[in-house]
Amino acid sequence: MSAFRTTIPAVAADEPMIQLLSADGTRTPHEEFDEVLEAGGLATPERLRGYYRDMVMIRAADLEATSLQRQGQLGLWASALGQEAAQIGAGHAARTQDYLVPTYREHGIAWARGIEPWRLLEMFRGISHGGWDPHELRTHPYMIVLGAQAPHAVGYGMGLQRDGAVGTGDLERDTAVLALFGDGASSEGEVAESFTFAASFEAPVVFYSQNNQWAISVPTSVQTRVPLAQRSRGWGIPSVRVDGNDVLAVLGAVRSGLDSARAGEGPRFIESLTYRMAAHTTSDDASRYRPGSEEEEWAEKDPILRLRRHLAGLDEIDEAYVATCEEEAHDLAMQLHHHIHGMKDPDPMIVFDNVYSEPHPIVDAEREAYVQYLSQFEDEEAGR
Ligand SMILES: Cc1ncc(C[n+]2csc(CCOP(=O)(O)OP(=O)(O)O)c2C)c(N)n1
Ligand SMILES: [Mg+2]
């Protein structure tokens, strides 16, 4: 018999998923994560109501952004509907000093880090250079190139090590990096290379993959023959699969992973099992490749509904609180609507700004050529 093992475990068949809140809101204890949540004061009724409000707000902003795209106000929108717990939980699990490196569908992460939603919309309108100050908010700009942010995150983490910001024992100062990417992006070479560097140098990075079941029209089962959570183990990177629609499981896993990383114990990998409830983007029609029954099945696992059920079971939420959240969410959507409709088109010449930190002859030549190009239209208009 060959020494090589040929049995490939069935996809998603034998990797346990940690869940603290089941779909009906029932709470299951978990020794390690409960300790982490308790130590950080992350699961008090007040905090839980806060996560609920955050999720309601970001869902309203997301739905409004889709409408704005349909009104011709945005070039594109990538909805995070259904991934609210996976993102609000991860965003709040990070400590203030941690550095987050997101992909393009992280609106809940952005919200949790204090990035105003209009900044995201401005980018999807194509009129900003990225949106926010990454240093101030400790959150990198969105990355559209799949997986490209993973080596950035590891490089940043290795820099933190060299700055002496890892493993000093001071939880308020030691810093870790949260690298976010999707199930599809996990197939990119950059992610594999990042695992290699992070493992070899024991970089303080938590790789956090939201497995939302789809990479545009490609299901996760095509991306990997083993449960995604198992991928990193060949690199010696400890990993866990959590229910990404369960805000408490996400909080516990991400806080625990980041605290291990900041303590100098090296990288961690988290597979956060969730579902992309909307189409890939406003340019996509998901009904072409996935059955409606799948969407209905996941609607019952809705992260917002789940937390509300849990809070109701604890008698920690009432109709008045729910109504206030809904009113605030409506107001946010209206603010976004008016703000985006009122946006002026920027001067087209700004595309040449900030290409390099110093003047560059090729950029100067391109700018000049573009001025010439635009001047033709001025003549046409003057002649009319
Ligand atoms: C390097 C690269 N290849 C292809 C694309 C086109 N593309 C954009 S999103 C996407 C699917 C990504 O799926 P996943 O990583 O699961 O993230 P999700 O969109 O589900 O959040 C693809 C192929 C890209 N942006 N970058
Ligand atoms: Mg995906």
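Conventions we followed
- Residues numbered from 1 in each chain as written.
- Chains lettered and ligands numbered in written order.
- Predicted model: local features only at pLDDT ≥ 70, side-chain atom pairs only at ≥ 80, totals over all residues.
- Heavy atoms only, no water.
- Near = heavy atom within 4 Å.
- 1 Å grid on protein atoms, 1.4 Å probe; cavity = no way out; pocket = protein on both sides within 12 Å on 5 of 7 lines; lining within 4 Å.
- Sits in = over half its atoms within 2 Å of the grid points.
- Nonpolar A, V, L, I, M, F, W, Y, C, P; charged D, E, K, R; others polar.
- Donors = N, O, S within 2.8 Å, 3.2 Å for Na, K, Ca; no water.
- Helix = DSSP H or I, 4+ residues; strand = E, 2+ residues; numbered from the N terminus.
- Buried < 20%, exposed > 50% of the residue type's maximum accessible area, 1.4 Å probe, protein only.
- pLDDT = per-residue confidence, 0-100.
- Contact = heavy atoms within 4.5 Å.
- Points joined across faces, edges and corners; volume = space filled by probe spheres on them.
- Core = buried A, V, L, I, M, F, W, Y, C linked by side-chain atoms within 4.5 Å.
- Expected span 1.5 Å × (residues − 1).
- Pairing = 2+ DSSP bridges.
- Right-handed = clockwise from strand over helix to strand, strands pointing away.

Side note on the site of ligand 1
Neighbouring ligand 1 are 15 residues; Tyr104, Arg105, Gly184, Ala185 and Trp214 lie closest to it. Here ligand 1 occupies the largest pocket. Within the shell around ligand 1, the residues separate by chemical class into eight nonpolar, four polar and three charged.

Side note on the coordination of the magnesium ion (ligand 2)
Distances from the magnesium ion (ligand 2) to its protein donors, Asp183 (OD), Asn212 (OD1) and Trp214 (O), fall at 2.1 Å. Here the donor residues for the magnesium ion (ligand 2) map to a single chain with the spacing D-x28-N-x1-W. Remark: Asn212 occurs in the loop between β3 (205–211) and β4 (214–215) and Asp183 occurs in the loop between β2 (177–182) and α8 (189–201); sequence separation between them is 29 residues. In this pair, the class of Asp183 matches that of Asn212, namely buried.

Quick word on the confidence of the model for the chain
Counting all residues, the mean pLDDT for the chain is 94, and 96% of those residues have values of 70 or more. Here residues 8–12 scores under 50 on pLDDT; set against residues more than four positions off or in separate chains, the count is 12 contacts.

Examining empty space enclosed by the protein
Scanning the model with the defined rule gives two cavities of 30 Å³ or more in all. In this structure, the largest cavity encloses a volume near 50 Å³. Contributing to the lining of the largest cavity are Ile58, Arg59, Asp62, Ala80, Leu81, Gln83, Glu84, Gln87, His107 and Gly108. By residue number, the principal contributor to the lining of the largest cavity is helix α2 (residues 45–70), which donates three residues. Taken together, the residues that form the lining of the largest cavity break down as three nonpolar, four polar and three charged.

Re the nonpolar core
Counting 66 residues, the largest nonpolar core has Tyr52, Leu121, Leu178, Tyr208, Val254 and Leu307 as the members making the most contacts within it. The greatest single-element share of this core, amounting to 11 residues, is contributed by α2. For Tyr208, the contacting residues outside a window of four places in its chain are Ala86, Ala90, Leu178, Ala179, Leu180, Phe181, Val250, Val254, Ile270 and Ser272. With 21 residues, the next largest nonpolar core counts Met158, Leu160, Val191 and Phe269 among its residues.

Quick notes on α2
End to end, α2 covers 38 Å across 26 residues, agreeing with the expected 38 Å (1.5 Å per residue, within 8%). At the exit of α2 stands Gly72, carrying a positive phi of roughly 85°.

Thoughts on the environment of Lys344
Locating Lys344 in the fold gives a position in the loop between α13 (319–341) and α14 (361–383). Classification of Lys344 as exposed rests on a relative accessible area of 69%. Counting along the chain gives 217 residues from Lys344 to Ile127, while the straight-line C-alpha distance between them is 9.3 Å.

Some points on the pairing of β3
Within β3, seven of the seven residues are buried, which leaves the element mostly enclosed by the surrounding structure. Sheet topology note: the β2/β3 ladder contains six bridges and is parallel. When the bridges of β3 are listed, Leu180 appears paired with Tyr208. With α8 bridging β2 and the parallel β3, this β-α-β connection has right-handed handedness.

Details of the layout of surface pockets
Remark: the empty space left among the atoms is shown by a probe the size of a water molecule rolled over them. In this structure, the largest pocket encloses a volume near 310 Å³. Looking at the lining of the largest pocket, the elements with two or more residues in it are β2 and β4. Class assignment for the residues of the lining of the largest pocket results in seven nonpolar, 11 polar and four charged.

Thoughts on unusual backbone geometry
Although it is not a glycine, Gln213 sits at a positive phi angle of roughly 80°. Secondary-structure assignment places Gln213 in the loop between β3 and β4. Located in the positive-phi region is Asp315, a residue other than glycine, with phi close to 60°. You can see Asp315 is positioned in the loop between α12 (303–313) and α13.

Re helix α5 (residues 117–124)
Residues of α5 that are buried: Pro117, Leu120, Leu121, Glu122 and Phe124. Each element contacted by the buried residues of α5 is listed here: α2, α4 (107–112) and α13. Just past α5, the residue Gly126 takes up positive phi, approximately 85°.

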